[in-house]
Amino acid sequence: MIRVYGSRISYYTGKLEAYLRYRQIDYQLLSMVEYADEIIAGAGALQAPVVQLEDGRWVSDTTPILAWFEAQREGPSIYPHDPAIRFISLLLEDHADEWLWRPAMHYRWSFTQDRQHASGVLADELMSGLHGPRFAKRFVMTRRQYNGFVKGDGVSKTTRGHVEATAMRAYELLEAILEERPFLLGDRPSIVDFGFMASMFRHFGQDPTPAELMRQRAPRVFAWVARMWEPPAEKGGQLIADVDEPLSDLLREACQTHLVQLTENARAHTAGKPRFGQDIQGCCYEDLPVSRYRVWCLEQLRRHWQDLDAGAQARVRGHLVEPEASVLWEEEPFTNSGYDPEGLAPFNRAINVFQHPLSRFMDATSRLVRRRRTHHQ
Ligand SMILES: N[C@@H](CCC(=O)N[C@@H](CS)C(=O)NCC(=O)O)C(=O)O
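Every chain is numbered independently, its residues counted from 1 as its sequence is written. In view of the model being predicted, local features appear only for residues whose pLDDT reaches at least 70, and side-chain atom pairs are presented and counted only at 80 or more, with totals across whole chains, interfaces and linings using the full set of residues.

J.: Mind showing me how you'd approach the overall build of the protein here?
T.: The way it works is that DSSP assigns letters per residue, a run of H or I at least four long becomes a helix, a run of E at least two long becomes a strand, and they are numbered from the N terminus. A tally of helices and strands in the protein yields 15 helices and six strands. By the compact-globule yardstick of 21 Å for 377 residues, the protein fits well, its C-alpha radius of gyration being 20 Å. The principal-axis extent of the C-alpha atoms belonging to the protein is close to 65 × 45 × 45 Å. Burial is judged by counting the other C-beta atoms within 10 Å of a residue's own C-beta: 20 or more makes it buried, 12 or fewer makes it exposed, and any count in between marks it as partly exposed, with every C-beta position built from the backbone. Taking all 377 residues of the protein together, the buried fraction comes to 45%. By the criterion used throughout, residues are in contact when their C-beta atoms, derived from the backbone, lie within 7 Å. Looking at the protein alone, contacts between residues at least 24 apart form 75% of all its contacts between residues at least 6 apart. Our radius of gyration is a C-alpha quantity, and the globule rule it is checked against amounts to 2.2 Å times the number of residues to the power 0.38.

Here you go:
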């Protein structure tokens with residue numbers, strides 16, 4: 001059985017688990033802190049999830065992990081066969097993975113009920129081996145997550161309204177698609193569904209405040225989350241052959257938000273800056289941490305674009321918004337991320353999305369947990 005190291009409320013662990021269940025791949029969910037040494041030695045970084053395959057090899061990062069699993073099997077893939085639709089689906093996976101992270105963290109850590117729930121789960125999962133009262137552990141966990149991923153990721157008085165509108169817009173856009181079909185690209189789950197499961201399942205669908213909003217405003221999305229957790233055993237069904245209006249609306253949103261963020265992040269990385277600002281749909285975000293990992297995400301999308309022939313590029317371009325989307329094909333404007341230069345992903349050494357000091361919190365916690373355990377043995 002494969003070993004998945006993660007958390008039962010984590011964004012990307014939920015995405016991976018939904019996929020493993022869909023493919024009926026048995027797995028064991030294990031604690032990250034208990035196995036931190038093995039994870040760092042095997043995969044390169046502590047992040048949720050990291051997977052150890054049955055043959056002992058380590059893989060990280062859900063995007064290349066899902067691609068690798070699909071490449072091992074025959075039959076209909078979760079990646080559309082049509083090259084243009086395939087490209088669009090990879091762009092939407094990246095949008096869902098990276099752009100919806102900020103609103104997901106905001107809803108979890110800025111609202112009392114939500115942070116009470118999440119801090120309790122994480123304190124029990126990650127810090128139960130440590131000395132001290134549970135309320136203190138929950139407090140530490142809340143400060144860490146809020147300072148790092150909410151306040152530290154540009155959520156402020158100025159941007160809060162836009163961050164929340166971004167989540168509500170995602171509900172609205174997915175709801176409109178699910179009015180047309182049971183899954184986002186057709187009669188069966190595709191990589192776009194797994195991408196959106198990250199935020200919609202473990203955060204928006206489970207955290208009290210956004211879950212209530214989802215039930216009120218996007219009941220089809222709420223039902224789709226459950227359908228994705230237990231998809232039909234029958235794996236047949238068609239994926240769409242062309243982009244329809246609701247999908248086109250979702251693509252417009254991805255161009256105006258995620259692609260602008262990827263561009264500004266890469267520009268700052270090239271200039272050697274640790275932080276940057278961006279204007280998204282008229283909202284000014286300031287002091288965001290530069291992510292080297294996301295420079296790599298942009299490189300991957302540009303590479304997929306280069307793999308398309310001229311006809312497919314023209315078809316895709318008809319559904320994208322310019323100038324925002326031109327970063328996908330313009331002459332290389334940025335320096336290289338230098339991440340995974342050999343193209344080994346998911347078997348390369350992982351890096352955290354944000355490499356700020358908070359990343360070391362996990363390492364420190366797990367060291368303490370293990371030191372205490374050794375001490376008591
Ligand atoms: N790109 C990675 C991202 C994994 C990731 O960032 N996971 C989060 C939790 S959902 C994490 O471990 N963050 C590091 C931290 O909180 O220190 C993936 O798709 O698996």
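Picking up where we left off.
J.: In this structure, what is going on with the site of the ligand? I would like to understand it.
T.: Near the ligand, the surroundings consist of 13 residues, among which S10, Y11, Y12, Q47 and T62 are the closest. Those elements giving two or more residues to the shell around the ligand turn out to be α1 (11-22), α3 (62-71) and α15 (359-376). Should the C-beta atom of a residue, placed from the backbone, lie within 6 Å of a molecule or strand, that residue is near it.

J.: Would you take a moment to explain the pairing of strand β6 (residues 283-289) for this structure?
T.: Looking along a regular strand, one sees side chains alternate from face to face of the sheet. Here strand β5 (residues 275-280) runs beside β6; their pairing, made up of five bridges, is antiparallel. Residue pairing across strands places I280 opposite C283, the latter belonging to β6. Here, strands pair whenever DSSP counts at least two bridges between them.

J.: I'm lost on the nonpolar core in this one. Help?
T.: Nonpolar cores are identified as sets of buried Ala, Val, Leu, Ile, Met, Phe, Trp, Tyr and Cys residues joined via C-beta atoms within 7 Å. Formed by 106 residues in total, the largest nonpolar core has its most connected members in I88, L174, M197 and V221. The element best represented in this core is helix α12 (residues 245-270), accounting for ten residues. Beyond its immediate sequence surroundings of up to four residues, V221 is in contact with Y171, L174, E175, L178, M200 and M214.

J.: Got a minute to help me understand helix α8 (residues 160-178) in this structure?
T.: In an α-helix, one turn spans 3.6 residues, which is why side chains three or four residues apart end up on the same side. In this model, α8 (19 residues) spans 27 Å end to end at C-alpha, consistent with the 27 Å of a helix rising 1.5 Å per residue. Buried within α8 are the following residues: V163, T166, A167, A170, Y171, L173, L174, I177 and L178. Contacts made by the buried residues of α8 are with α5 (101-109), α9 (191-204), α10 (208-217), α11 (219-229) and α12. Every helix has an expected span of 1.5 Å times one less than the residues it contains.

J.: How do you make sense of unusual backbone geometry when you look at a structure like this?
T.: For residues other than glycine, phi is negative in most cases, and the peptide bonds are mostly trans. Look at the link from E322 to P323: it is a cis peptide, with omega at 15°. Summarising the element assignment, P323 is placed in the loop between α14 (310-317) and α15. Going from A345 to P346, the amide bond is cis rather than trans, its omega being 10°. Within the secondary structure, P346 sits in the loop between α14 and α15. Positioned with a positive phi, Q281 is a non-glycine residue whose angle comes to about 50°. Position of Q281 among the secondary structure elements: in the loop between β5 and β6. With 12 C-beta atoms packed within 10 Å, Q281 lands in the exposed category.

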